[in-house]
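One-letter residues, chain by chain:
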Amino acid sequence: MKDTSSLANTLGLAALCILTFPLLKKLYENIWRPKLPPGPPRSFFRDNRPDVPSAYFWKTFRSWSMQYGPVVSFYLGSTPVIVLGTSEAAHDLLEKRGDIYSGRPRIIVGQEIYSGGMRGTGMSYGPRYRRWKSLMQAGLNPTAVVNYRPIQSIESSILLRDILNSNGPLQYKDHIRRFVASIMFCVAYGRRIKALADDLVVRNMKTEELSTLVSRQPFLRSLGFKSSASVPGKFIVDSWPVLLYLPRFLQWFRWEPEKMRQLDAEQYMAAMNDVKRQLADNSAQPSMAAYSLTKLAEFGLSDVEAAYALSSPWSAGVGTTIASIEVFILAMLLFPLVQKKAQEEIDSVVGQSRLPGFQDYGSLPYIQALIKEVTRWRCIAPMGLPHATTADDMHEGMFIPKGSTVYANIYAMTTDPEIFADPDEFRPERFLDTSNPGLINYSIPFGFGRRLCPGKHVAQQTLFITTVRILWAFNIIPSLDEMGNQIIPSAEDFTSGLTTRPTPFPCRFEPRQGSTVEVVHNEAERADAETSAWE
Ligand code: HEM
């Protein structure tokens, strides 16, 4: 009898604890725990999901930063989210306290199941990430990327001819896509992509589409944002990780992503094994694969881990570089005086008889500033990628709990009128004649701290050679409608997502001189002759 009543008491106590736990947790968070950074109000039980719009959320976050201060907090589901609205705040936390702020939020379907935890961008900070990073650094450091200049030069000569031969006001977009895809494939594997219909592109685009479906869109959703992804039921485990305790054969959300993972892995391994063969017969071009395959043991990477790492330039570098080149073209259409000034600088240094090249970089300060302004004026990764804290932290009296998602609001930083007066104006001059070290060594669009974009140097090289050669060869001018009126695209019409790009706009590329056409054709023929080493 006594036993029965003590069991009843224990069960009653357990039930009381379970029922009151959420309430006690809320009380602790709201009353006793040190205060989180300020942010939009939320009711006792509800998080801030309804306050976050499904598109262009960085604009809402910027208005919160203006209202509450440079470090803002709110909740998406039960996860605390911290948004850093100034580069000082990002520097103080993501860089100076990189030991705590370099994790990534947990993404179950996209990273753990679909990618087997092998995509570096989604890895949390730890030994596996460091092994992945060593391969990135070997192939993408400032010295290594100099070896990619020959192929960037060849491809940009071919791009000019493609643009010259374009038919239709939107065809330049396909040419740019092929150009960037080819450079990224050469950077990873030393192999060109000749056409968008190339088998390699078709297969990689398929992977890219799958990864967008399984990884990117749900990524936003699993971070707590409303997303356009409509794949009901598949990503429920990101909100309810407890489902991972189901017997594996009942975990329906694994079936499709795991099948797709198999296809990805086969494709990545095939591309890597081609380079192994080329290394064996001494025909490999400089590439991340060629640098790293002999050092896998030193990096501590297995073959399949290396194969995944080598796919990073494709998955992280193609869309971002294309978007930046499209921003450049849009800016030149909307700010013709800047275009003219840049062309005057190129003409005075290079003249009309040859194409500009990497050797001219140091003599073209206005072009250097123009490229910085392209990445500032409309940043293509407005919130970067989310970081996550791996320990509790205090910052200026504010509590930042372990497991918080932390965003650097790059959009807010690059449009801060205190640093960039009239931020909507495209004005390269703001980066010239300045003693502000933040502007001289400007790299905000590439993120912060230990997770800073490893592709930064190769992206900057691609942007330089594309920008300087297009401006040398063409006037970028508006297309005309049927009535002969100029079609001026909007400066605001951009897609929304983790990355953003201008919505398609028409434009014309008019050869600047009679001699331009001849030089472009001659250089493209010379480039054609040199491509065989990358095929
Ligand atoms: C203009 C072009 C580009 C921009 C604006 C850009 C921007 C960024 C940003 C903002 C991040 C997040 C950094 C952070 O978490 O703090 C990032 C990460 C990354 N980027 Fe880029 N990127 C560009 C081009 C490239 C290219 C060409 C490559 C490859 C060759 C690349 C590879 C990566 C990788 C692998 C990461 C993940 C790094 C990590 O998780 O540690 N990116 N990029």
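As the structure is a computational prediction, the values presented were derived from the model and not from experiment.

### Overview of the sheet that holds strand β6 (residues 405-408)
Part 1 of the argument: The four strands are arranged β1-β2-β6-β3 in an open sheet whose pairing can be described as mixed. Every interior strand has two partners, whereas the edge strands, β1 (71-76) and β3 (387-388), have only one.
Part 2 of the argument: Here six bridges tie β1 to strand β2 (residues 79-84), and the two strands are oriented antiparallel to one another. Bridge pairing links Val71 to Leu84 in β2.
Part 3 of the argument: Where helix α2 (residues 57-68) meets the sheet, it contacts β1 and β2, and its direction lies at approximately 125° from that of β1.
Part 4 of the argument: Packed on one face of the sheet, helix α3 (residues 87-95) meets β1, β2, β3 and β6 and runs near 130° to β2.

### Structural notes on the environment of Arg508
Part 1 of the argument: Secondary-structure assignment places Arg508 in strand β8 (residues 508-511).
Part 2 of the argument: The spacing of Arg508 and Leu463 is 45 residues in sequence and 20 Å in space, taken between C-alpha atoms.
Part 3 of the argument: With sequence-adjacent residues up to four places away left out, Arg508 is seen in contact with Asn475, Ile476, Ile477, Pro478, Ser479 and Leu480.
Part 4 of the argument: From its side chain, Arg508 meets the backbone oxygen of Pro478 in a polar contact 3.0 Å long.

### Examining the packing of helix α18 (residues 365-377) against helix α21 (residues 456-473)
Part 1 of the argument: Contact pair α18 / α21: the axes reach a minimum separation of 10 Å and the direction vectors enclose 115°. When the interaxial angle is binned, α18 and α21 end up roughly perpendicular. Considering the relative orientation of α18 and α21, their crossing is right-handed. Residues Ile367, Leu370, Ile371 and Thr375 of α18 form the contact with α21, whose own contacting residues are Leu463, Phe464, Thr467, Val468 and Leu471.
Part 2 of the argument: Residue composition of the contact of α18 with α21, grouped by class: seven nonpolar, two polar and no charged.

### A short note on the UniProt feature "binding site: heme" (unreviewed entry) in the protein
Part 1 of the argument: Sequence positions flagged by UniProt for "binding site: heme" (unreviewed entry) are, in local numbering, Cys453.
Part 2 of the argument: Secondary-structure assignment places Cys453 in the loop between α20 (437-440) and α21.
Part 3 of the argument: Under the relative-accessibility criterion, Cys453 is labelled partly exposed at 29%.

### Topic: the environment of Asn282
Part 1 of the argument: Note that Asn282 resides in the loop between α12 (252-280) and α13 (288-292).
Part 2 of the argument: For Asn282, a relative accessible area of 71% gives the class exposed.
Part 3 of the argument: Expressed as a C-alpha distance, the spacing of Asn282 and Ala15, which sit 267 residues apart in the sequence, is 70 Å.

### Brief notes about α12
Given 3.6 residues per helical turn, the α-helix brings residues three or four places apart onto the same face.
Part 1 of the argument: Here α12 is 29 residues long and its end C-alpha atoms lie 43 Å apart, about the 42 Å a rise of 1.5 Å per residue gives.
Part 2 of the argument: Listed as buried for α12 are Phe253, Arg254, Pro257, Met260, Asp264, Ala265, Gln267, Tyr268, Ala271, Met272, Val275 and Gln278.
Part 3 of the argument: Asn282 sits one or two positions beyond α12 and adopts a positive phi of about 60°.

### Regarding the site of the ligand
Part 1 of the argument: In the region of the ligand, 27 residues are neighbours, and Arg104, Thr121, Tyr129, His387 and Cys453 sit closest.
Part 2 of the argument: A distance of 2.8 Å is found between an oxygen atom of the ligand and a side-chain nitrogen or oxygen belonging to His387.
Part 3 of the argument: Contact between the ligand and Arg451: an oxygen atom at 3.1 Å from a side-chain N or O atom of the residue.
Part 4 of the argument: Elements with a minimum of two residues in the shell around the ligand: α6 (127-140), α16 (312-334) and α21.
Part 5 of the argument: At six residues, the largest contribution of residues to the shell around the ligand is made by α16.
Part 6 of the argument: Per-class residue counts for the shell around the ligand are 15 nonpolar, ten polar and two charged.

### Things to note about the side chain of Arg104
Part 1 of the argument: With respect to the element layout, Arg104 can be found in the loop between α4 (98-101) and α5 (108-113).
Part 2 of the argument: One buried charge, Arg104, has no salt-bridge partner; the nearest side chain with opposite charge is Glu95, at 12 Å.
Part 3 of the argument: Within the local environment of Arg104, its side chain forms a polar contact with the backbone oxygen of Thr121, the two atoms lying 2.6 Å apart.
Part 4 of the argument: Of the polar contacts made by the side chain of Arg104, one reaches the backbone oxygen of Pro386; its length is 2.9 Å.
Part 5 of the argument: Setting aside its immediate chain neighbours within four residues, Arg104 contacts Thr121, Gly122, Met123, Ser124, Leu385, Pro386, His387, Ala388 and Arg451.

### Quick notes on the pattern of salt bridges
Part 1 of the argument: Going through the model one piece at a time under the given rule, you end up with 29 salt bridges.
Part 2 of the argument: Between Arg178 and Glu155 there is a salt bridge; the shortest N-O distance is 2.8 Å. In this pair, Arg178 sits in helix α9 (residues 171-189) while Glu155 sits in helix α8 (residues 149-164), placing the two residues 23 residues apart along the sequence. Like Arg178, the residue Glu155 is buried in the burial classification.
Part 3 of the argument: One connected set of salt bridges, linked through shared partners, spans Glu155, Asp162, Arg178, Arg192 and Glu535.

Basis of the calculations
- Residues numbered from 1 in each chain as written.
- Predicted model: local features only at pLDDT ≥ 70, side-chain atom pairs only at ≥ 80, totals over all residues.
- Heavy atoms only, no water.
- Pairing = 2+ DSSP bridges.
- Helix = DSSP H or I, 4+ residues; strand = E, 2+ residues; numbered from the N terminus.
- Contact = heavy atoms within 4.5 Å.
- Axes fitted to C-alpha atoms, helices over the stretch in contact; angles between N-to-C directions.
- Polar contact = N/O pair within 3.5 Å; in protein donor to acceptor, adjacent residues only side chain to side chain.
- Parallel < 35°, antiparallel > 145°, perpendicular 65-115°, else oblique.
- Left-handed = near helix turned anticlockwise from the far one by under 90°.
- Nonpolar A, V, L, I, M, F, W, Y, C, P; charged D, E, K, R; others polar.
- UniProt positions renumbered as here; feature names shortened; annotations may be inferred.
- Buried < 20%, exposed > 50% of the residue type's maximum accessible area, 1.4 Å probe, protein only.
- Expected span 1.5 Å × (residues − 1).
- Near = heavy atom within 4 Å.
- Lys, Arg positive; Asp, Glu negative; His and termini not counted.
- Salt bridge = Lys/Arg side-chain N within 4 Å of Asp/Glu carboxyl O.

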